[in-house]
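The primary structure of each chain is shown beneath.
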Amino acid sequence: MSRTTFGTFFELGGRGAMECLSRTGIDYVIIDTEHGPFSEETVADLILAAESGNLLPYVRIGDIRRPYVLRMLDIGARGLIVPNIRTVEQVKELVANAKFPPVGNRGYCPSRTSAWGADEWAKDAFSYMEECNRRVRVIPQCETKEALEHIEEIAALPGVDGIFIGPCDLSIELGIPLQFDNPLLISSVERILKACRDNGKESYIFAGNMGDALKWKKLGFDSVTYSLDAAVFVNAYKELTGRFHGGGGE
Ligand code: 3PY
Ligand code: MG
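S.K.: Explain the side chain of K99 here, please?
M.R.: Its place among the elements puts K99 in the loop between α4 (88-98) and α5 (125-135). Residue K99 is classed as buried on the basis of its relative accessible area, which comes to 2%. A polar side-chain atom of K99 sits 2.9 Å from the main-chain carbonyl oxygen of N133. One polar contact links K99 to D161, side chain to side chain, over a distance of 2.8 Å. Look past the residues within four positions of K99 in its chain and what remains in contact with it is G104, N105, R106, N133, V136, V138, G159 and D161.

So, in structure tokens, the structure goes:
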């Protein structure tokens, strides 16, 4: 069995923070432009900072339209996490914008991922498009009732590399907000996981605490995205402060 990868969301910003994260052994980071405050130029800097420490940079985008998708890919996002998907058509549009032919119709421009066309693999158009399609993961989120209802169809679409479960929004949609042990949420999560497995697609899920992260790992997810940098930072300092004033610890 392959190793479950471990990632986190990035909301705080700052090249220094990204460089710190890249030295922790974490597998990937998701720069969050859905909830985080980042412009494209900032995301480009953050991607460079992540890559300087061999940390795989994904971006969560808030919009599936062509200009938004292209900009993130051309500045070097290695995967797109896409929230709030409700229809199969939305996923088809996303794939069309994010993948080159024969899978989609991504717009062509030599960009920094290929040293603006200077890299050997980018010189031949077919090898360039094939390699870009392989490098970039397209990962719609399943966090709405409608996406759940169509998850088998979504997971089967060519060009969809994986599904990312957002259990916070999904549980809210199901009327059981943030009840991560509720049997309805668990059976929904299992259904999505099965759709991924049946179609040979990667399965990702978010966890807000280590108990849930280990629960999802045991269930067999390919990847668990643990919390966000800001929450880890706040909790770490709170724990230290508590230990210092409480007089416990070493
Ligand atoms: C969710 O749980 O809704 C997510 O989108 C994870 O950040
Ligand atoms: Mg969500």
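Alright, that's what it looks like, and here's the rest.
S.K.: Help me out: how do you make sense of helix α9 (residues 183-198) in this one?
M.R.: Each α-helix winds once per 3.6 residues, and so residues spaced three or four apart point in a common direction. Given a rise of 1.5 Å per residue, 16 residues ought to cover 22 Å, and the 22 Å separating the end C-alpha atoms of α9 matches this to within 8%. Restricting attention to buried positions, one finds in α9 the residues L185, I186, S188, V189, I192, L193, A195 and C196. The residue sitting at the N-terminus of α9 and contributing the capping side-chain oxygen is N182; that oxygen lies 2.8 Å from the backbone nitrogen of L184. Following α9 by one or two positions, G200 adopts a phi angle in the positive range, close to 65°.

S.K.: When you look at the coordination of the magnesium ion (ligand 2) in this model, what are you seeing that I'm missing?
M.R.: For a metal with four donors in a tetrahedral arrangement, the ideal angle between donors is 109.5 degrees, while six donors in an octahedron ideally sit at 90 or 180 degrees. With distances of 2.1 Å, the protein atoms coordinating the magnesium ion (ligand 2) are E143 (OE) and D169 (OD). Linking E143 in the loop between β5 (137-142) and α6 (145-149) with D169 in helix α8 (residues 167-173), this pair joins segments that are 26 residues apart in sequence. The exposure class of E143 is buried, given its relative accessible area of 4%. The exposure class of D169 is partly exposed, given its relative accessible area of 34%.

About the cut-offs
- Residues numbered from 1 in each chain as written.
- Chains lettered and ligands numbered in written order.
- Predicted model: local features only at pLDDT ≥ 70, side-chain atom pairs only at ≥ 80, totals over all residues.
- Heavy atoms only, no water.
- Helix = DSSP H or I, 4+ residues; strand = E, 2+ residues; numbered from the N terminus.
- Buried < 20%, exposed > 50% of the residue type's maximum accessible area, 1.4 Å probe, protein only.
- Polar contact = N/O pair within 3.5 Å; in protein donor to acceptor, adjacent residues only side chain to side chain.
- Contact = heavy atoms within 4.5 Å.
- Expected span 1.5 Å × (residues − 1).
- Donors = N, O, S within 2.8 Å, 3.2 Å for Na, K, Ca; no water.

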